[in-house]
Amino acid sequence: MKRNAAIGLFDSGVGGLSVAVEIYRQMPAESTVYYGDTAHVPYGPRSAEELTRFTKRITDFLQGQGVKYIIAACNTSSSMCLPVLKESCKVPIIGLIEPGVKEALSKTVNGKIGVIATEATIRSGAYEHGLKKLGKDIEVYSQAAPRLVPLVETGRTDTYEVTEALREYLSPLQKAGIDTLILGCTHYPFLARQIEEELGPGVRLVDPALATVRAAKEELCRLGLAINGVSPVSHCFYVSGRPDAFRAAAVRFLKKDIGPVKQVIL
Ligand code: DGL
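Owing to the predicted nature of the structure, the values given are computational and were not obtained by experimental measurement.

Enquirer: Requested: an account of the site of the ligand, with residues and values cited.
Expert: Every one of the 14 residues lining the ligand counts as a neighbour, but Ser 12, Tyr 43, Asn 75, Thr 76 and His 187 are closest to it. Contacts to the ligand include Ser 12, whose side-chain N or O atom sits 2.6 Å from an oxygen atom. Here an oxygen atom of the ligand and a backbone polar atom of Thr 186 are 2.8 Å apart. Across the shell around the ligand, the residue classes tally to 6 nonpolar, 7 polar and 1 charged.

Below, the structure is given as structure tokens:
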């Protein structure tokens, strides 16, 4: 495996860009190959069988692009498919759940942790099991938030629909007295400001991307695969749906142009 190969990452759509941003920040010398499965977004309502089929094709594609490491930049895929993907991938692959769990446990004071995520992630119980396994006397309050992904994907982030959806999803967690909230879907960090406004200052938000990229960096260093120093970087983007829609959303969230986006149907 070549040290100067890229890091691959994937999501159902633009959500994984919140993980990409962390890679650019924490590992600025690393190149990336991003795949957004926008023809199949949202992943949240899909079955494990379907998600495994899609994500196997994506990880095969990324490996075909010569990546040295893969980040499943999607909580739904991380919670439903990671063990299968770990077996089928020839390169190391990391998901968001365990790093997110550890980060939340390090932040909570009162032991009451909320999780918002897609239906599939909540149904899998991945965060709840992880938090209860690694933490002591932890109360977990989980809430599926299915209306958020389509709103983020179509750029309707500063709308009444978002305010209304957040109010509905967050009020039971607020009533339960959580002091920490895991943003258990990579689309949600693009709503962090709106979520903070809704919850007020007493609740800490955990974006699992930060801890996941930190863990990925540590693993790459351990494996002798991290790029030291400066290096020319390239960031490539592929989607299964319409490249222009993805590009527009990416520019909106990253506040910079991302260059060409190619459509590759797997
Ligand atoms: N952004 C993904 C996640 O973290 C998938 C959201 C979806 O497509 O429903 O779960």
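Enquirer: Could you give me a rundown of the pairing of strand S7 (residues 180-184), with the residues and numbers involved?
Expert: Counted residue by residue, S7 has 5 buried out of 5 residues, so it is predominantly covered. What you see with S7 is no split at all: Thr 180, Ile 182 and Gly 184 on one side and Leu 181 and Leu 183 on the other are buried throughout. Sheet topology places strand S5 (residues 112-117) next to S7; 5 bridges connect them, and they run parallel. Counterpart to Val 115 in the pairing with S7 is Ile 182. Of the pairings in the sheet, the one linking S7 to strand S8 (residues 204-206) comprises 3 bridges and is parallel in character. Looking at the pairing, Ile 182 lines up with Val 206 of S8.

Enquirer: How would you summarise the packing of aromatic side chains if you had to cite specific residues and measurements?
Expert: One pass over the full model with this rule turns up 7 aromatic pairs. Relative to Phe 237, the ring of Tyr 34 lies with its centre 5.8 Å away and its plane at 40°, an arrangement referred to as tilted. Of this pair, Tyr 34 sits in strand S2 (residues 32-36) while Phe 237 sits in strand S9 (residues 235-239); the two residues are 203 residues apart in sequence, bridging distant segments of the chain. Taking the relative accessible area as the measure of exposure, Tyr 34 reaches 1% and is therefore buried. Classification of Phe 237 by relative accessible area gives buried; the value is 3%. Ring plane angle 80° and centroid distance 5.1 Å describe the contact between Phe 61 and Tyr 238, whose orientation is recorded as edge-to-face. Pair noted here: Phe 61 is in helix H2 (residues 48-64) and Tyr 238 is in strand S9, with a separation of 177 residues, a long-range link. Exposure class is identical for Phe 61 and Tyr 238. Each is buried. Here the aromatic cluster, defined as three or more aromatic residues joined through ring pairs, consists of Tyr 34, Phe 237 and Phe 246. Cation over ring: Arg 252 sits above Phe 253, and NZ or CZ is 5.9 Å from the ring centre.

Enquirer: Pulling in residues and values, what's your account of the nonpolar core?
Expert: Within the largest apolar cluster, 66 residues are counted, with the highest numbers of intra-cluster contacts made by Leu 17, Ile 71, Leu 131, Leu 181, Tyr 188, Ile 195 and Phe 246. The leading source of residues in this core is helix H8 (residues 160-176), at 6 residues. Once residues lying within four places of it in the same chain are set aside, the contact partners of Leu 17 are Tyr 34, Phe 190, Phe 237, Phe 246, Ala 250 and Leu 254. One finds Phe 54, Leu 82, Leu 85 and Tyr 238 within the second-largest nonpolar core, a separate group that totals 23 residues.

Enquirer: Got a sec to walk through the packing of helix H1 (residues 17-26) against helix H10 (residues 208-222)? Specific residues and values, please.
Expert: At their nearest, the axes of H1 and H10 sit 9 Å apart, and the two run at 50° to each other. Comparing the axis directions of H1 and H10 gives the class oblique. When you trace H1 past H10, the crossing you get is right-handed. Listed contacts from H10 to Ser 18, Val 19, Glu 22, Ile 23, Arg 25 and Gln 26 of H1 are Ala 209, Leu 210, Val 213, Arg 214 and Lys 217. Class assignment for the residues of the contact of H1 with H10 results in 5 nonpolar, 2 polar and 4 charged.

About the thresholds
Residues numbered from 1 in each chain as written. Predicted model: local features only at pLDDT ≥ 70, side-chain atom pairs only at ≥ 80, totals over all residues. Heavy atoms only, no water. Near = heavy atom within 4 Å. Polar contact = N/O pair within 3.5 Å; in protein donor to acceptor, adjacent residues only side chain to side chain. Nonpolar A, V, L, I, M, F, W, Y, C, P; charged D, E, K, R; others polar. Buried < 20%, exposed > 50% of the residue type's maximum accessible area, 1.4 Å probe, protein only. Helix = DSSP H or I, 4+ residues; strand = E, 2+ residues; numbered from the N terminus. Pairing = 2+ DSSP bridges. Phe/Tyr/Trp six-rings, centres within 6.5 Å; stacked < 30°, edge-to-face > 60°. Lys NZ or Arg CZ within 6 Å of the ring centre and 35° of its normal. Core = buried A, V, L, I, M, F, W, Y, C linked by side-chain atoms within 4.5 Å. Contact = heavy atoms within 4.5 Å. Axes fitted to C-alpha atoms, helices over the stretch in contact; angles between N-to-C directions. Parallel < 35°, antiparallel > 145°, perpendicular 65-115°, else oblique. Left-handed = near helix turned anticlockwise from the far one by under 90°.

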